[in-house]
Amino acid sequence: MDSLNEFLLPKRFSVYGYIVAVFNVLAGVIVTFITGIKSTERRQFQCNNRGVLADKDFLTTKCFNQYSREYNASLPLYGFAFVTFTSLVVVCIIYSWCCVKSRVEQIEQELTPNQDNQRLYPIRSRRIYFFYLFQLLVRFGFGILFGILQLTGLYSSNFPSQFQCQWNSKGTSNANLNVTHSNSSSVNCQNSFAAEKTSLANIIWILHVIFACLVLLEVFYLLVRARHDKTFMRDLEFCQRHIFNSQRTPSSRRDHAARILELTKHLDPLLPTDPTEDDNRRAIDDVYVELVMHSGRVTHDFDMSKKRHELLDVYLKPPETSVKISNMNELFVSDNKSYRNILVVGRPGIGKTSLCTKIIRDWCKDRMNRFKFVFLFRFRHLNEERFKKISLLQFLNEAEHSMNVDPAILRNKAKSMLFIFDGFDEY
């Protein structure tokens, strides 16, 4: 059991699913063991050889073979119990080790706070959910199939304890003519193991039906949860809320802000870095240049006598009529007038994404108290089909730094939320 427990790890099943799987194993072991030690049916099969000119053991063997052909299958009952229950366990092992092992371990590692894993990346695939649902459906199908096999003649639903064996005796009517004739007679036989065998067969059938129903209950539960909340099917959400059984509670603003500050502390490199090298990423607060706003098209006075690299200072020098914004609140309020919709346009690399990150970081540092909540969305993640029909609460939980939004904020603080959409050209 210890070695089997290594294959059926509870962290790859829900608590309910793991309990059902373990009881499936225990039931299979117990039933197989009992039917195995009770498999000496031949010894408890007796025939009355009165009036029959034949050896009693030979007669009993012949009659037992007739009984077996009529009521017993080629696979012994203990063999059927072993094969059927083992197949259900094999499905669980294949799912646990071959389908979701690496994925679940990856999510478990990312959910574990430590110094080597400070940045969490959103996991949006639904592989674990579909594999989990598929193995449940396979186990349900096997359970129903095994039950049907027992009912459709593989094994009798009632093993009779009384059996009439047909016995043919041969002899000669005349020694000179050497003519043979056969006499057919019935031999009364009794199988004292029949009632017990019937009970064991019924127990195996009932166990298969019970486990199939228990699995079906979890299938219905998963389908209902997925219908009401599409995000439940995502690997991260499914592991947290169903497998790990650690339903997130709505986090406070302070906890949410601390998490965002940690995740946005450094600029993302343009090229992937070698994990074996030292982390030399630049902190965004050290390299961020204050925003400058200019009305109209910006023009530059170039001195064509200068070399090309010397013209860079001309680009970096803001026009005299531009306005420097040192406080992000000035971006949303000007001359006592507030703006509800702001569009930021610029060539690639000019700093639009950095501006979005700077806004949400300032909010986390309590420098933008006019907004109770700030949500950052990347347009590249909003192209999926599921976003065409989704509730506002589900959409808020799809933000770049999701915080498991409390539905109460939609009623009480809906007018004090800021939505930032980055990368409109990627939609």
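- By the naming in an unreviewed UniProt entry, the protein goes by NACHT domain-containing protein and is assigned to Exaiptasia diaphana.
- Check the Subcellular location (unreviewed entry) section of the UniProt entry for the protein; it says "Cytoplasm".

1. Some details on helix 8 (residues 235–243)
Part 1 of the argument: Buried residues dominate helix 8, accounting for eight of its nine residues.
Part 2 of the argument: With its phi angle positive at about 55°, N245 sits one or two positions after the end of helix 8.

2. Quick notes on the packing of aromatic side chains
Part 1 of the argument: The tally for this structure, following the rule as stated, stands at 23 aromatic pairs.
Part 2 of the argument: Judged by centre distance (5.1 Å) and plane angle (45°), the rings of Y67 and Y71 are tilted. Here Y71 and Y67 lie together in helix 3 (residues 56–71), a separation of four residues that amounts to about one turn.
Part 3 of the argument: The class for Y67 is buried, based on a relative accessible area of 0%.
Part 4 of the argument: Note on Y71: relative accessible area 21%, which makes it partly exposed.
Part 5 of the argument: Ring centres 5.8 Å apart and planes at 35° place the aromatic pair F142 and F146 in the tilted group. Remark: F146 and F142 occur in helix 6 (residues 127–154); sequence separation between them is four residues, near one turn of the helix.
Part 6 of the argument: The class for F142 is partly exposed, based on a relative accessible area of 29%.

3. Focus on the pattern of salt bridges
Part 1 of the argument: Summed over all chains, the structure comprises ten salt bridges.
Part 2 of the argument: One salt bridge in this structure joins E400 and R378, with 3.9 Å as the shortest N-O distance. Pair noted here: E400 is in the loop between helix 13 (392–396) and helix 14 (408–412) and R378 is in strand 8 (residues 373–378), with a separation of 22 residues, a long-range link. Each member of the pair E400 and R378 is classed as buried.
Part 3 of the argument: One salt-bridge network, in which partners are shared between bridges, spans D229, R234, E237 and R241.

4. Considering the state of the cysteines
Part 1 of the argument: With the rule as written, the count across this model stands at two disulfides.
Part 2 of the argument: With a sulfur-sulfur separation of 2.1 Å, C47 is cross-linked through a disulfide to C189. Judged by the sign of its S-S torsion, about 105°, the cystine formed by C47 and C189 is right-handed. Residue C47 is found in strand 1 (residues 45–47), and its partner C189 is found in strand 3 (residues 179–191); the two are separated by 142 residues along the sequence.

5. Some thoughts on the packing of helix 2 (residues 15–37) against helix 4 (residues 77–99)
Part 1 of the argument: At their nearest, the axes of helix 2 and helix 4 sit 8 Å apart, and the two run at 165° to each other. Relative to helix 4, helix 2 is oriented roughly antiparallel. Judged by the twist between their axes, the crossing of helix 2 over helix 4 is left-handed. Contact residues: helix 2 offers A21, N24, V25, A27, G28, V31, T32, T35 and G36, while helix 4 offers L77, Y78, A81, F82, F85, L88, V89 and C92.
Part 2 of the argument: For the contact of helix 2 with helix 4, the residue count by class is twelve nonpolar, five polar and no charged.

6. What to know about the side chain of D235
Part 1 of the argument: Relative to the elements of secondary structure, D235 occurs in helix 8.
Part 2 of the argument: Within the structure, the side chain of D235 is placed 2.8 Å from the side chain of R103, a separation counted as a polar contact.
Part 3 of the argument: At a separation of 2.6 Å, a polar atom in the side chain of D235 contacts the side chain of S125.

Conventions used here
- Residues numbered from 1 in each chain as written.
- Predicted model: local features only at pLDDT ≥ 70, side-chain atom pairs only at ≥ 80, totals over all residues.
- Heavy atoms only, no water.
- UniProt positions renumbered as here; feature names shortened; annotations may be inferred.
- Buried < 20%, exposed > 50% of the residue type's maximum accessible area, 1.4 Å probe, protein only.
- Helix = DSSP H or I, 4+ residues; strand = E, 2+ residues; numbered from the N terminus.
- Phe/Tyr/Trp six-rings, centres within 6.5 Å; stacked < 30°, edge-to-face > 60°.
- Salt bridge = Lys/Arg side-chain N within 4 Å of Asp/Glu carboxyl O.
- Disulfide = S-S within 2.5 Å.
- Axes fitted to C-alpha atoms, helices over the stretch in contact; angles between N-to-C directions.
- Parallel < 35°, antiparallel > 145°, perpendicular 65-115°, else oblique.
- Left-handed = near helix turned anticlockwise from the far one by under 90°.
- Contact = heavy atoms within 4.5 Å.
- Nonpolar A, V, L, I, M, F, W, Y, C, P; charged D, E, K, R; others polar.
- Polar contact = N/O pair within 3.5 Å; in protein donor to acceptor, adjacent residues only side chain to side chain.

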